[in-house]
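A closer look at the structure
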Amino acid sequence: MSTRVAILGTGRMGSAIARRLAGLEPVLWNRTRSRAEEVGGGRVAATAADAARDADVVIVSLTGGDAVRAA
C-alpha cells in the first residue's frame, strides 16, 4: 500500500515538492486551479478538503492569511 499524499498550495515550493513526489501520485490543490493543473504528476482536487480527505500525509505550502483562510 502506498502513502497517499495531498499538497495544498502549488506555488514555487509546493509544485517543487509535488514534482519530487510524482511517483506517489499526490493529490494537488491550489486556489487557482490552473496552477495545480500545470504541475502534472498528480490528480487535481476541487477543494482543499477534497485533497486532504483520504490523505495519509498533508503538506501545506501556503503564503499569507488569505491563502490559509481559503484552504
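Worth saying up front: this structure is predicted, and the values here are computed from it rather than measured. Residue numbering note: each chain is counted from 1, following its sequence as written. In keeping with the predicted nature of the model, local features appear solely for residues at pLDDT of at least 70, side-chain atom pairs appear and are counted solely at 80 or more, and the whole-chain, interface and lining totals rest on all residues. Note that the side-chain values use all heavy atoms of the structure and ignore hydrogens as well as water.

1. Details of the overall build of the protein chain
Each helix corresponds to a stretch of at least 4 residues labelled H or I by DSSP, and each strand to a stretch of at least 2 residues labelled E; elements are numbered beginning at the N terminus. Within the protein chain, the secondary structure is distributed over 4 helices and 4 strands. Traced from its N-terminal end to its C-terminal end, the protein chain shows the element sequence β-α-β-α-β-α-β-α. Computed over its C-alpha atoms, the radius of gyration of the protein chain comes to 11 Å, within 12% of the 11 Å expected for a compact globule of 71 residues. Contacts are assigned to residue pairs that have any heavy atoms within 4.5 Å of one another. The contacts in the protein chain between residues at least 6 apart in sequence include a share of 42% that link residues at least 24 apart. Residue burial considers only the protein chains on display, and all accessible areas are found by Shrake-Rupley using a 1.4 Å probe. Summed over all atoms, the accessible surface of the protein chain reaches about 4,500 Å², with 49% contributed by carbon and sulfur. Separation between the mean location of the 10 positive side-chain charges and that of the 7 negative ones in the protein chain comes to 6 Å. Only the C-alpha atoms count toward the radius of gyration. The rule for a globule is 2.2 Å times the residue count to the power 0.38. We score Asp and Glu as negative and Lys and Arg as positive, and we do not count His or the chain ends. Taken as the charge centre is NZ of Lys, CZ of Arg, CG of Asp or CD of Glu, depending on the residue.

2. A few points about the side chain of Asn30
Tracing the chain through its elements places Asn30 in the loop between strand S2 (27-29) and helix H2 (33-39). Any pair of N or O atoms that falls within 3.5 Å is considered a polar contact. Within protein, one atom must be able to donate a hydrogen and the other to accept it, and sequence-neighbouring residues count only if both atoms are side-chain atoms. Of note is the side chain of Asn30, whose polar atom sits 2.8 Å from the backbone nitrogen of Thr10. Ignoring sequence-local partners within four residues, the contact set of Asn30 consists of Gly9, Thr10, Gly11, Arg35 and Ala36.

3. Overview of the sheet that holds strand S4 (residues 57-60)
One bridge is not enough; two strands pair if DSSP finds at least two bridges between them. Read across the open sheet, the 4 strands follow the order S3-S2-S1-S4; overall the sheet is parallel. At either end of the open sheet lies a strand with only one pairing partner, and these are strand S3 (43-44) and S4. In this sheet, S2 lies alongside strand S1 (residues 5-8) in parallel orientation, the contact comprising 3 bridges. Each residue of the ladder has a partner; that of Ala6, found in S2, is Val27.

4. Some points on the pairing of S1
On any regular strand, side chains alternate: one points to one face of the sheet, the next to the other face. Think of it in three bands: with a 1.4 Å probe and only protein chains considered, a residue is buried below 20% of the maximum accessible area for its type, exposed above 50%, and partly exposed in between. A two-sided burial pattern is seen for S1, the buried positions comprising Val5 and Ile7 on one face and Ala6 and Leu8 on the other. Sheet topology places S1 next to S4; 4 bridges connect them, and they run parallel. Directly across from Val5, in S4, lies its bridge partner Val57. Every crossover in which the path from the first strand over the helix to the second runs clockwise, viewed with the strands pointing away from the viewer, is termed right-handed. In this view, the connection linking S1 to its parallel neighbour S2 by way of helix H1 (residues 12-20) has right-handed handedness.

5. Overview of unusual backbone geometry
Even without being a glycine, Glu25 presents a positive backbone phi close to 50 degrees. Within the secondary structure, Glu25 is located in the loop between H1 and S2.

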